[in-house]
Amino acid sequence: MPVASDVEEPTTDADAAGEGLPINEVFYSLQGEGTLAGVPSVFVRTSGCNLRCWFCDSYHTSWEPTGAWRDVDSIVEEVQSHEQANHIVLTGGEPLIHEESVELLERLAAEGYHTTVETNGTIYRDAPIDLASISPKLASSTPTSERDPKGEGEWEEKHEQNRIDMDALSQMVDAYETQLKFVVTDESDLPEITDLVDRVREATATTVADDDVLLMPEGMTREQLDGTRSEVAELAMEYGYRYTPRLHVDLWNDAPGT
Ligand SMILES: C[S@@+](CC[C@H](N)C(=O)[O-])C[C@H]1O[C@@H](n2cnc3c(N)ncnc32)[C@H](O)[C@@H]1O
Ligand SMILES: Nc1nc2[nH]cc(C(=O)O)c2c(=O)[nH]1
Ligand code: SF4
Ligand SMILES: [Mg+2]
């Protein structure tokens, strides 16, 4: 597959020319995360991200973005080949860095699919999104030099500056049915989560209920989740937020295409 090395920013030449989307993978699985966990879904994973979480489980869309540029027609065709699915999950990387994601979502909505967009909440786009699955990034996601999977903390400052955009986040919460899905590393993340939820509530006209706030244990393998899931479940009960498993990891560990 060609390496899409120029997909970090929202406006690449290819985006501007409407030449499609850099696609890392398309696969059929069960939604593993959030309020729709367990629902058979086709996943469309774009390549390229504006952040660099140290724990990113999709390394080849962020730290080393890889993918093939594909036109929207061919993506829709592949989605339709999975005849059992009514739900589509557009993810990445960060799918909303790409303007062409809007056209893809319009095409999928016109075909009658339910669309979920997995997003870090830093970029707002007007599109037919049935569920905005927003995962705002906490300070514990920042790739400090000790945690950088690739270099020596070159992304630390940029990630820290860009990980929260309250305007984009509030606009998205007001526009779409939303879940706020936080990756929790340990209990030290909770004060930042409660503070961020308060700020979102102040900035939006929408009611954000406690069970729209999801705590998801950090971990891309079963072994890593063994170290986080019980504590995160206890924290969900303590704070009155919703716990979400990572069902796909429990079922298939870190197998590709799941
Ligand atoms: C790879 S991201 C792509 C979408 C978007 N960039 C985002 O971060 O929401 C998909 C989901 O996986 C979560 N995620 C990534 N790495 C993770 C990890 N190591 N443990 C738990 N969740 C993780 C993200 O927070 C997000 O909810
Ligand atoms: N099964 C499964 N469910 C998921 N939900 C969100 C995912 C993602 O990477 O965005 C994901 C994923 O990668 N696999
Ligand atoms: S925002 Fe999402 S895709 Fe980007 S680095 Fe973080 S988890 Fe990975
Ligand atoms: Mg995933």
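Since the model is a prediction, treat every value here as computed from it, not as a measurement.

1. Topic: the site of ligand 2
The environment of ligand 2 is formed by Ser-29, Leu-30, Gln-31, Gly-32, Glu-33, Phe-43, Arg-45, Thr-91, Glu-118, His-248 and Thr-258. Within the side chain of Thr-91, one N or O atom sits 2.6 Å away from an oxygen atom of ligand 2. In this structure, a nitrogen atom belonging to ligand 2 sits 2.8 Å away from a main-chain N or O atom of Thr-258. Among the secondary structure elements, those contributing two or more residues to the shell around ligand 2 are strand 1 (21–30) and strand 2 (40–46).

2. Description of the UniProt feature "binding site: S-adenosyl-L-methionine" (unreviewed entry) in the chain
Within the UniProt annotation, "binding site: S-adenosyl-L-methionine" (unreviewed entry) is assigned to Phe-55, Cys-56, Asp-57, Gly-93, Ser-135, Pro-136 and Lys-137. Here Asp-57 lies in the loop between strand 2 and strand 3 (68–70). According to the relative accessible area criterion, Asp-57 is partly exposed, its value standing at 40%. Examined against the element boundaries, Pro-136 turns out to sit in the loop between strand 6 (131–134) and helix 4 (156–162). Judged by relative accessible area, Pro-136 falls into the buried class, the value being 3%. Residues within four places of Pro-136 in sequence aside, it is in contact with Asn-120, Ile-164, Leu-169, Leu-180, Lys-181, Phe-182 and Leu-196.

3. Here we look at the nonpolar core
Grouped together as the largest cluster of nonpolar side chains are 46 residues, with contacts concentrated most on Val-44, Val-79, Leu-104, Phe-182, Ile-193 and Leu-215. For this core, the leading source of residues is helix 6 (residues 190–203), giving five residues. If you look at the next biggest cluster of nonpolar residues, it comprises seven residues, including Phe-55, Trp-63, Val-183 and Met-216.

4. Focus on the UniProt feature "binding site: substrate" (unreviewed entry) in the chain
On the UniProt side, "binding site: substrate" (unreviewed entry) is annotated at positions that read Leu-30, Gln-31, Gly-32, Arg-45 and Thr-91 here. Assignment of secondary structure puts Gln-31 in the loop between strand 1 and strand 2. Not counting residues within four places of it along the chain, the set of residues in contact with Gln-31 comprises Leu-36, Ala-37, Gly-38, Val-39, Ser-41, Phe-43, Val-89, Thr-116, Glu-118 and Leu-247. With respect to the helices and strands, the residue Arg-45 is situated in strand 2. A residue is classified by how much of its surface remains accessible, and Arg-45, at 13% relative accessible area, is buried. Once residues within four sequence positions are removed from consideration, Arg-45 is found in contact with Pro-22, Ile-23, Asn-24, Glu-25, Phe-27, Ser-58, Thr-61, Thr-91 and Gly-92. At 2.7 Å, the side chain of Arg-45 forms a polar contact with the side chain of Glu-25.

Conventions we followed
Residues numbered from 1 in each chain as written. Chains lettered and ligands numbered in written order. Predicted model: local features only at pLDDT ≥ 70, side-chain atom pairs only at ≥ 80, totals over all residues. Heavy atoms only, no water. Near = heavy atom within 4 Å. Polar contact = N/O pair within 3.5 Å; in protein donor to acceptor, adjacent residues only side chain to side chain. Helix = DSSP H or I, 4+ residues; strand = E, 2+ residues; numbered from the N terminus. UniProt positions renumbered as here; feature names shortened; annotations may be inferred. Buried < 20%, exposed > 50% of the residue type's maximum accessible area, 1.4 Å probe, protein only. Contact = heavy atoms within 4.5 Å. Core = buried A, V, L, I, M, F, W, Y, C linked by side-chain atoms within 4.5 Å.

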